[in-house]
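# Architecture at a glance
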Amino acid sequence: MINRAPKFSRNNLHFFSQFEDFFDSSPDLLCIAGFDGYFKRINPAVSKLLGYTEEELLSHPINDFVFEADKMSTANARKDLTQDIGLYNFENRYVTKNGNIVWLLWSSFPIAKDRLVYAVAKNITFNKELEQERNLHLAELTKLCKELKQLTYTTAHDLRSPVNNLLAVFDLLDTSAITDSETLELISIIETSTQSLKKTLIDHVALLDKKNEEDEQLEILNFEVVLKEVLSSINSLIQNSKTKLIIDFSEAETVLFNKTSLKSIFLNLITNSIKYSKPGFLPVIHFNSCCVNGTTQLIISDNGIGFDMEKVKDKIFGLHQKFSSNKDSNGIGLYLVYNHITNLGGHICLESKPNEGAKFTITF
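All of the points below concern the structure found in this document. Model, not experiment: these values are computed from the prediction.

## Some details on the packing of aromatic side chains
In total, this model carries seven aromatic pairs according to the counting rule given. When the ring of Tyr94 is compared with that of Trp106, the centres are 6.0 Å apart and the planes differ by 40°; the resulting orientation is tilted. You can see Tyr94 sitting in strand β3 (residues 87-95) and its partner Trp106 sitting in strand β4 (residues 101-111), a full 12 residues away along the chain. Among the residues examined, Trp106 registers a relative accessible area of 8% and is labelled buried. The interplanar angle of 70° and the centroid separation of 4.9 Å between the aromatic rings of Phe257 and Phe364 together place this pair among those described as edge-to-face. On the criterion of sequence distance, the pair formed by Phe257 in strand β8 (residues 254-257) and Phe364 in the segment after β12 (358-363) is long-range, its members being 107 residues apart. For Phe257, a relative accessible area of 3% corresponds to the buried category. Between Lys128 and the ring centre of Trp103, over which it is positioned, the NZ or CZ distance is 4.7 Å. Sitting over the face of the ring of Phe281, Lys278 holds its NZ or CZ atom 4.8 Å from the ring centroid.

Right, dumping it as structure tokens:
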């Protein structure tokens, strides 16, 4: 039998020509990689962003160009690809030839029979830098507002003492011995003004006290109702990440707590679970409640990358503490969660192991 080369019509040739043009001119990074960990083909956008020639990129293992802290997570993701598991919205960092770090967002799918992986990446460095700057400003602004609030409260409160002392002087002052009408009038004006200042300070402190009470107002909250409000606000994130939610609040349906704080706790722990999910695995988040020794507990657990508790120890809830090597971390979410809980007399603890998820237990 004679093997003949396939015949292509002009339409076929025109199609492949257009495909080549699309591949070479795309601003996104288009790659074909082998199961052996090497690039087999790349478009010019890859060389342009990383600064290496095509020959350099094809002749070295892909992991040589990956940022050191992301090498392990990238290798694990590549392992999943070789097992015919697609990879979507995977983030990692590459190091350019001049030493700069760039963030890439990958979508990859394997062709097992050809032992190849087809991948598309977007440069999200600007978005990451913008997000990091925003989070930094948000943390600083929150801190400044808290300090300013405390300063205002302290000033208004402390000023009342000298004002009361001044008014006490007027009570001791014997105006009957003063015959000058202008002097008596001035004393009367000063006393009236001091009384007005005292009232203003009292009203101001009362207003601040009321605001503090509103910020920390407690009410009976239904866990499921509050959770649904939060999930509704991040519905697209839940859908796009294909997150599975397993909810059971049957043991303790309600809690006495601040609604804004509870929503923030749910929001931060859910988004963290999605952000730090294991590459190649869909996020699964469990929500449970229970009563222990007369107290209500909320347990939120996931199947993400987890924490090495020997390393993080007591720093886990600190401001700007970062523990993840394969995801962006700003160290703010868990800090906010911790403060929401402890400010109202509660307690939070974490159980976790690397690559075995995280379990947060909140005692109200």
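On we go.
## What to know about the pairing of strand β10 (residues 295-302)
In terms of burial, β10 is largely enclosed, as seven of its eight residues are buried. In this antiparallel pair of consecutive strands, strand β9 (residues 284-292) and β10, the connection spans two residues, and Asn293 shows a positive phi of 50°. Relative to β12, β10 runs antiparallel, the two sharing five bridges. In the sheet register, Leu298 faces β12, and the bridge partner there is Ile362.

## What about the pattern of salt bridges?
In this structure the tally under the stated criterion is nine salt bridges. Ionic pairing is found between Lys122 and Asp28, a salt bridge with its closest N-O pair at 3.0 Å. Of this pair, Lys122 sits in strand β5 (residues 116-123) while Asp28 sits in the loop between α1 (10-25) and β1 (29-34), and the two are 94 residues apart along the sequence. Taking the relative accessible area as the measure of exposure, Lys122 reaches 43% and is therefore partly exposed. A salt bridge links Lys259 to Glu229, with the shortest nitrogen-to-oxygen separation between them at 3.1 Å. Separated by 30 residues along the polypeptide, Lys259 in helix α9 (residues 259-275) and Glu229 in helix α7 (residues 223-233) bring together distant segments of the chain.

## Describing the sheet that holds β1
Spatial ordering of the open sheet is given by β2-β1-β5-β4-β3, a layout of five strands whose pairing is antiparallel. The open sheet has two edge strands, β2 (39-42) and β3, and neither has a second partner. The mean angle between the axes of side-by-side strands here comes to 30°, regardless of whether they run parallel or antiparallel. Alignment of β1 against β5, held across six bridges, turns out to be antiparallel. Across the sheet, Cys31 pairs through a bridge with Ala119, a residue of β5. Each of β3, β4 and β5 touches helix α4 (residues 71-82); the most contacted strand, β3, lies at about 140° to it.

What counts as what
- Residues numbered from 1 in each chain as written.
- Predicted model: local features only at pLDDT ≥ 70, side-chain atom pairs only at ≥ 80, totals over all residues.
- Heavy atoms only, no water.
- Phe/Tyr/Trp six-rings, centres within 6.5 Å; stacked < 30°, edge-to-face > 60°.
- Helix = DSSP H or I, 4+ residues; strand = E, 2+ residues; numbered from the N terminus.
- Buried < 20%, exposed > 50% of the residue type's maximum accessible area, 1.4 Å probe, protein only.
- Lys NZ or Arg CZ within 6 Å of the ring centre and 35° of its normal.
- Pairing = 2+ DSSP bridges.
- Salt bridge = Lys/Arg side-chain N within 4 Å of Asp/Glu carboxyl O.
- Axes fitted to C-alpha atoms, helices over the stretch in contact; angles between N-to-C directions.
- Contact = heavy atoms within 4.5 Å.

Shape descriptors only; they carry no functional weight alone.
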